[in-house]
Every structure is written in structure tokens, then in C-alpha cells.
Amino acid sequence: MNAAAGSAAPIGMFDSGVGGFSVLAQARALLPAERILYVADQAWAPYGDRSLASVRERCFVIVEHLLGAGAKAIVVACNAASAAALHQLRAALPDIPFVGMEPAVKPAAAQSRGGVVGVLATTATFQGELYGSVVDRHASGVTVVQQAGLGLVELIEAGMLEGPEVEAAIDAHLAPLIAAGVDTVVLGCTHYPFIAGVIRRRLGNGVQLIDPAGAVARQLGRVLAGRAIAASADAGGGVAYRTSGNPDRLRHQIRMLVGEESPDTGRIHL
Ligand code: DGL
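This section reports on the structure supplied with the text.

Rules used in this analysis
- Residues numbered from 1 in each chain as written.
- Predicted model: local features only at pLDDT ≥ 70, side-chain atom pairs only at ≥ 80, totals over all residues.
- Heavy atoms only, no water.
- 1 Å grid on protein atoms, 1.4 Å probe; cavity = no way out; pocket = protein on both sides within 12 Å on 5 of 7 lines; lining within 4 Å.
- Points joined across faces, edges and corners; volume = space filled by probe spheres on them.
- Helix = DSSP H or I, 4+ residues; strand = E, 2+ residues; numbered from the N terminus.
- Buried < 20%, exposed > 50% of the residue type's maximum accessible area, 1.4 Å probe, protein only.
- Contact = heavy atoms within 4.5 Å.
- Near = heavy atom within 4 Å.
- Polar contact = N/O pair within 3.5 Å; in protein donor to acceptor, adjacent residues only side chain to side chain.
- Areas by Shrake-Rupley, 256 points an atom, 1.4 Å probe, with all protein chains shown as cover.
- Nonpolar A, V, L, I, M, F, W, Y, C, P; charged D, E, K, R; others polar.
- Pairing = 2+ DSSP bridges.
- Axes fitted to C-alpha atoms, helices over the stretch in contact; angles between N-to-C directions.
- Phe/Tyr/Trp six-rings, centres within 6.5 Å; stacked < 30°, edge-to-face > 60°.
- Parallel < 35°, antiparallel > 145°, perpendicular 65-115°, else oblique.
- Left-handed = near helix turned anticlockwise from the far one by under 90°.
- Salt bridge = Lys/Arg side-chain N within 4 Å of Asp/Glu carboxyl O.

All right, on to the layout of surface pockets then. Counted as a void, the largest pocket has a volume near 700 Å³. The wall of the largest pocket is formed by 35 residues, among which Leu86, Gly100, Met101, Glu102 and Leu130 lie closest to the centre. At the level of secondary structure, the elements contributing two or more residues to the lining of the largest pocket comprise α2 (52-68), α3 (79-92), β4 (98-100), α4 (105-111), α6 (129-138) and α10 (213-226). It is α3 that provides the largest number of residues to the lining of the largest pocket, a total of 8 residues.

Within the secondary structure, Thr122 sits in the loop between β5 (116-121) and α5 (123-127). Accessibility expressed as a relative area gives 7% for Thr122, which makes it buried. When neighbours within four sequence positions are excluded, Thr122 is seen to be in contact with Gly48, Ala80, Gly149, Val153, Cys189 and Tyr192.

What surrounds the ligand is a group of 13 residues, the closest being Ser16, Tyr47, Gly48, Asn79 and His191. Note that an oxygen atom of the ligand is positioned 2.7 Å from one of the backbone N or O atoms of Gly48. Within the backbone of Ala80, one N or O atom sits 3.0 Å away from an oxygen atom of the ligand. Surface burial for the ligand is 99%, taken as the share of its 300 Å² of free accessible area covered by protein chains. When its residues are assigned to classes, the shell around the ligand shows 6 nonpolar, 6 polar and 1 charged.

All right, on to the sheet that holds strand β2 (residues 35-40) then. Across the sheet, 6 strands lie side by side as β4-β3-β1-β2-β9-β10; this open sheet has parallel pairing. This sheet does not close on itself; its edge strands, each paired only once, are β4 and β10 (264-267). The sheet shows a mean angle of 20° between the axes of neighbouring strands, taken without regard to direction. For strand β3 (residues 73-76) and β4, the ladder comprises 3 bridges, and the chain directions are parallel.

Right, let's talk about unusual backbone geometry for a bit. Each neighbour pair has its own omega, and for Ala45 with Pro46 the value is -5°, a cis peptide bond. Tracing the sequence through the fold places Pro46 in the loop between β2 and α2. Positive phi, normally seen in glycine, also occurs at Ala228, with a value near 55°. Its location among the elements puts Ala228 in the loop between α10 and β9 (238-243). Accessibility expressed as a relative area gives 66% for Ala228, which makes it exposed.

What follows covers empty space enclosed by the protein. Across all of its chains, the model carries 1 cavity of 30 Å³ or more by this definition. The volume enclosed by the largest cavity comes to roughly 80 Å³. Here the residues of the lining of the largest cavity sort into 6 nonpolar, 8 polar and 1 charged.

So, on to the packing of aromatic side chains. Summed over the entire model, instances satisfying the criterion amount to 4 aromatic pairs. Seen in terms of ring centroids, Phe21 and Tyr38 are 5.0 Å apart; in terms of plane orientation they differ by 55°. Their pairing is tilted. In this pair, Phe21 is assigned in helix α1 (residues 21-30) and Tyr38 in strand β2, connecting sequence segments 17 residues apart. In this pair, the class of Phe21 matches that of Tyr38, namely buried. When the ring of Phe21 is compared with that of Tyr241, the centres are 5.6 Å apart and the planes differ by 75°; the resulting orientation is edge-to-face. With Phe21 in helix α1 and Tyr241 in strand β9, the pair connects residues that are 220 residues apart, well separated along the chain.

Moving on: the packing of α2 against α3. Running from N to C, α2 and α3 cross one another at 55°; their axes reach a closest spacing of 8 Å. With respect to their mutual orientation, α2 and α3 come out oblique. The two elements α2 and α3 cross, and the hand of that crossing is right-handed. Here Leu52, Val55, Arg56, Cys59, Phe60 and Val63 of α2 lie close against α3, whose contacting residues are Ala80, Ala81, Ala84, Ala85, Gln88, Leu89 and Ala92. Across the contact of α2 with α3, the residue classes tally to 11 nonpolar, 1 polar and 1 charged.

Throughout the structure, instances matching the rule amount to 10 salt bridges. We note a salt bridge from Arg28 to Glu260, for which the minimum N-O separation is 2.9 Å. Of the two residues, Arg28 is situated in helix α1 and Glu260 in the loop between α11 (247-257) and β10; the sequence distance between them amounts to 232 residues. Arg28 sits in the partly exposed class, given a relative accessible area of 29%. A salt bridge links Asp264 to Arg242; the nearest nitrogen and oxygen atoms lie 2.9 Å apart. Linking Asp264 in strand β10 with Arg242 in strand β9, this pair joins segments that are 22 residues apart in sequence. By sharing partners, the salt bridges in this structure join Glu167, Asp171 and Arg202 into a single network.

Right, dumping it as C-alpha cells:
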């Protein structure tokens, strides 16, 4: 499937909603000539509270859609979806290059001075085998404190990025991490960079935040170059946004979070 997709084909990227925009921004900055087809599965968001099996099922449906639209590579711009399905997608579609998210425990463990690292991610991400294997492989000698995000994705999808309600929610999440003495916190959900400013303020100086989006974009660049399917430098690039939810709401979210005034948006029935 899609063996013929060449360098002019789009990259498929998806998330449960707008979280993947944090990865999209890095990918566009690094690879401006690429066309990207972004799917927000907002009719099914949030993924984080769903079973891994149901998230996996959605991932296969979305990937099928992206491949049907000619995608040459797929970025799973969602930690929960990567936890639920990345391994299975790669096994089922060995010819398709997949780039996924994994909680950035490796750089966090390397950078932590005090050896106590916090990971903020959704429940689904912590349940996946990927998380356990990342901790096993990269966190020896480091204490990893996990904190499940409850309700944060909903706030971000609603456009609430600051203010007392957001601060209260963030404080409740950070309290156990602060009590454990973390000096490094991993943003293990692609939505969270949109509230990173508040998280940073509430954590205070001396605690560093790690967002893997830049590393994921660089990995995407390597994968495209390695397969010789990168867009030619003079190609136009750009993003088409599709949602399984409400396209008017998505347009509003794009204006607010991406700053694009007239995005190409539409509804898909998946
Ligand atoms: N943005 C997502 C992630 O990285 C999913 C959040 C959700 O839908 O719960 O995990």
C-alpha cells in the first residue's frame, strides 16, 4: 500500500484533537516544503480516558484514511495513540514509515541533576507497554514519578490556556511531582505544550520542562531523507486540516493556536 507515494505526496499526521499542533509547528518549521494532511479525531477526543483497544481501533481507521489520501509517511502526533497502536501499525503496515511519540524519559533522565523526573501524560499513555519499556531502557538510576493528566486535554480543546481554572487544575497535577522533588518534567501529551507557560510558572525556576516535539520533527526529517521521499526544496508546502468533529470549531482553534487566518479545513466521516 502506498509504495508509489513519492516525494510530492503529503505527510499524514493525526491526534485526538489539537494537541498534535505542537508537533505540526515543529515539523513545519523544519520541513517547510512538505505538505501535511492533519486529522483531528475530535469526535472521539479525548483518547486518554479510553481503553487502549478502542484508541487502537481509531488509529487504524485514521491511518487507512490518510493512506487513502496518498500519505507517504504517518506521524502519530499523540502519545496515547502511539502507546495504543504504534507497534501494531508498524507490524501491520511494514512498508509505511511511521513516526510516533514516546514520553521523553531518555533526555529527561540525562538532564536531571537530582535524579528525580516527573512525567505528565494521560492515563492511556501510562497503560501502554511503550511507556514501561521507555522507563526500563532509559531511566536506570533515576526515580520516575508519573502523574496522569485528568481534564487538562478538555481545557486545552476548549481554548482555556490560562486563568484561575487552568492554574488550579495544573497545581493539582503538579503538587505530587513537586512533593517528590522533581527537577525535570516531561510533557507526555502533545496537548500540554499549549499550557507549558502556566506549568513553567507554577513549577518555578529550577525545574526544566521537556517537550519532545522538536525531536519528533527531526526524526521525521531523517525518515523522509532516508527513504528519499522528502519534498523538493522548491515545493510549496502547507497544511490541510480535517476533523471528525465540528470544522467551525476546528477553524477557530487553528486561528487561536496556530495563528492561521484562513486554514484549509473540512469534516471527515470516519
Ligand atoms: N494529545 C494526546 C496525547 O499526546 C491525546 C490526548 C487525549 O486525547 O487524551 O496523548
